[in-house]
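Here is how the chains run, residue by residue.
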Number of protein chains: 2
Amino acid sequence: MGAHPYVPASLDLPGYVPLRLTQLEILGAYLGTSLFVLVAVWLLSGRCRRLSGTDRLLMCWWAFTGLTHILIEGPFVFTPDFFTKTNPNFFEKEYSKGDSRYVARDTATVTVEGITAVLKGPASLLAVYAIASRKSYSHILQFAVCLGQLYGCIVYFTTAYLDGFNFWASPFYFWAYFIGANSSWVVIPLLIATRSWKRICAAIHQSEKIKTK
Amino acid sequence: MGAHPYVPASLDLPGYVPLRLTQLEILGAYLGTSLFVLVAVWLLSGRCRRLSGTDRLLMCWWAFTGLTHILIEGPFVFTPDFFTKTNPNFFEKEYSKGDSRYVARDTATVTVEGITAVLKGPASLLAVYAIASRKSYSHILQFAVCLGQLYGCIVYFTTAYLDGFNFWASPFYFWAYFIGANSSWVVIPLLIATRSWKRICAAIHQSEKIKTK
């Protein structure tokens, strides 16, 4: 027991295989790939007619978050013994230094990640398409995914608090991973949800006015 | 240990005070009060001008679900030792026969109930007002609360499944409480969310058309 970098050290992980890549390699690969996706979507979206800069930025975000949900969170959800794998594509081996509930297979964490990978991931990619082709469901879809992300974050942070709030290897991992990495999924969904809420209210207001004319 | 009606019998509940009311009395009080709320809101909403029958039914539902969230789920969330109380207004003493995670203070269950009592409860009551006064945010608000209720149900059922799916005193309590009582909060939010989604898409479609004219 304890032959792993996670907290608590008493956490029993039979068959644990240590990370083969350094932190820099793991984060570099993730951030590098993400940057590639962001730039690619930005350039491609420039070819769509009549899209504002905000729409194009939103397409970049939805592509990035959708792929993260599906490719990073998906394998974790469906591989309960991922910490015994030599395959380096389990980002959560590294992330668990910031929240050992991943490697400990905490029920609430797995549930939130499951909903994220299975529902919010594909819905995020659908949002990229919806914005590009100016679908009338674009705003309500974005609002729905944002609300799901916010609900997921509230469950994620509240269960951590109720379960003792002590799952990180050091204050660095608390701030960089547990708080830092997740904060984008609080701030950005709040901004997008607010924008879509306003846009929807304006459209409903307009259609009510037409009706009562 | 085991001097309580919940499963597993090994669940330790120090200071447990048995229910003083019969099942019939508890359910009768809840259903009777709910019926009173439904009828009262139906009658009062008849005095609002230009409300359709559907709008009035929705007001009844939002008043009922909002009061349930706040008055039934609220006290449970903020009274961790509710099972030691003689005060009979803890519905969850009875409901725990269908899901002992309530009385066992399971983290995910308390978290979902907390979000429900604190956010969805007041938002549901706001929906009653929004429908009555035909606010432009009425549809997006109803959609948001429905989505929260559905997300909560997914977390609730998935965590039960992952944690062993064995928290009910008998098949009767499984079907009547765990499945039956919760099914309204799956079916009705699905219907309302679909309705609001369609209404919002129609309004956005209309406003896009006006813009491009």
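Residues numbered from 1 in each chain as written. Chains lettered and ligands numbered in written order. Predicted model: local features only at pLDDT ≥ 70, side-chain atom pairs only at ≥ 80, totals over all residues. Heavy atoms only, no water.

- Chain A is annotated in an unreviewed UniProt entry as EXPERA domain-containing protein of Triticum turgidum subsp. durum.
- Recorded in UniProt under Subcellular location (unreviewed entry), the annotation for chain A is "Membrane".
- Here chain A is described in UniProt, under the heading Sequence similarities (unreviewed entry), as follows: "Belongs to the EBP family." (UniProt positions renumbered as here; feature names shortened; annotations may be inferred.)

### A few points about the relation of the copies chain B and chain A
- Least-squares fitting of chain B to chain A yields an RMSD of 0.0 Å, with the transformation described by 0.0 Å of translation along the axis and a rotation of 180°. Those values place the two copies in the arrangement expected of a two-fold rotation axis.
- In this assembly, 100% of the residues forming the interface of chain B have copies in chain A that are likewise at the interface, indicating an isologous arrangement. (Least-squares fit on C-alpha atoms with pLDDT ≥ 70 in both. Contact = heavy atoms within 4.5 Å.)

### A short note on the packing of aromatic side chains
- The final tally for this structure, using the stated rule, is 58 aromatic pairs over all chains.
- The interplanar angle of 80° and the centroid separation of 5.8 Å between the aromatic rings of Tyr6(A) and Tyr16(A) together place this pair among those described as edge-to-face. Taken together, the positions of Tyr6(A) in the segment before helix H1 (23–45) and Tyr16(A) in the segment before H1 put the pair 10 residues apart, joining distant regions of the chain.
- Tyr16(A) sits in the buried class, given a relative accessible area of 15%.
- Note on Trp61(B) and Trp185(B): the rings are 5.7 Å apart at their centroids and 45° apart in plane angle, and the pair reads as tilted. Here Trp61(B) is found in helix H2 (residues 53–77), whereas its partner Trp185(B) is found in helix H6 (residues 171–212), with 124 residues between them in sequence. Both residues of the pair, Trp61(B) and Trp185(B), belong to the buried class.
- Directly above the aromatic system of Tyr156(A) lies the positively charged group of Arg101(A), at a separation of 4.8 Å from the ring centroid.
- The ring of Phe167(A) carries Arg101(A) above its face, with NZ or CZ at 5.4 Å from the centroid. (Phe/Tyr/Trp six-rings, centres within 6.5 Å; stacked < 30°, edge-to-face > 60°. Helix = DSSP H or I, 4+ residues; strand = E, 2+ residues; numbered from the N terminus. Buried < 20%, exposed > 50% of the residue type's maximum accessible area, 1.4 Å probe, protein only. Lys NZ or Arg CZ within 6 Å of the ring centre and 35° of its normal.)

### A word on the nonpolar core
- If you look at the biggest cluster of nonpolar residues, it comprises 111 residues, and the most contacted ones within it are Trp62(A), Ile140(A) and Trp62(B).
- Not counting the four nearest positions on each side in its chain, Trp62(A) is found in contact with Ser124(A), Leu125(A), Ala127(A), Val128(A), Ile131(A), Gln142(A), Val145(A), Cys146(A), Gln149(A) and Ile192(A). (Core = buried A, V, L, I, M, F, W, Y, C linked by side-chain atoms within 4.5 Å.)

### Here's the deal with unusual backbone geometry
Residues and elements named next belong to chain A.
- Residue Pro 8 is reached from Val 7 by a cis peptide bond, and omega for that bond is 5°.
- Checked against the element boundaries, Pro 8 lands in the segment before H1.
- A positive phi is found at Arg 134, a non-glycine position, where the angle reads about 50°.
- The partly exposed category is assigned to Arg 134, whose relative accessible area is 34%.
- The phi dihedral of Phe 165 is positive, around 55°, even though this residue is not glycine.
- Its location among the elements puts Phe 165 in the loop between helix H5 (138–162) and helix H6 (171–212).

### Re H1(A)
- Between its first and last C-alpha, H1(A) extends 33 Å over 23 residues, near the 33 Å set by a 1.5 Å rise per residue.
- Along its buried surface, H1(A) packs onto helix H2 (53–77), helix H3 (92–95) and H6 of chain A. (Expected span 1.5 Å × (residues − 1).)

### Considering the environment of Leu35(B)
- Among the secondary structure elements, Leu35(B) is positioned in helix H1 (residues 23–45).
- Expressed as a C-alpha distance, the spacing of Leu35(B) and Cys60(B), which sit 25 residues apart in the sequence, is 9.7 Å.

### A closer look at the packing of H2(B) against helix H5 (residues 138–162) of chain B
All names here are of chain B.
- At a closest axis distance of 13 Å, the pairing of H2 and H5 adopts a crossing angle of 50°. Taken together, the axis directions place H2 and H5 in an arrangement best described as oblique. The hand of the H2/H5 crossing is left-handed. Facing Leu 58, Trp 62, Thr 65 and His 69 of H2, the residues of H5 in contact are Gln 142, Val 145, Cys 146 and Gln 149.
- Partitioning the contact of H2 with H5 into residue classes produces four nonpolar, four polar and no charged. (Axes fitted to C-alpha atoms, helices over the stretch in contact; angles between N-to-C directions. Parallel < 35°, antiparallel > 145°, perpendicular 65-115°, else oblique. Left-handed = near helix turned anticlockwise from the far one by under 90°. Nonpolar A, V, L, I, M, F, W, Y, C, P; charged D, E, K, R; others polar.)

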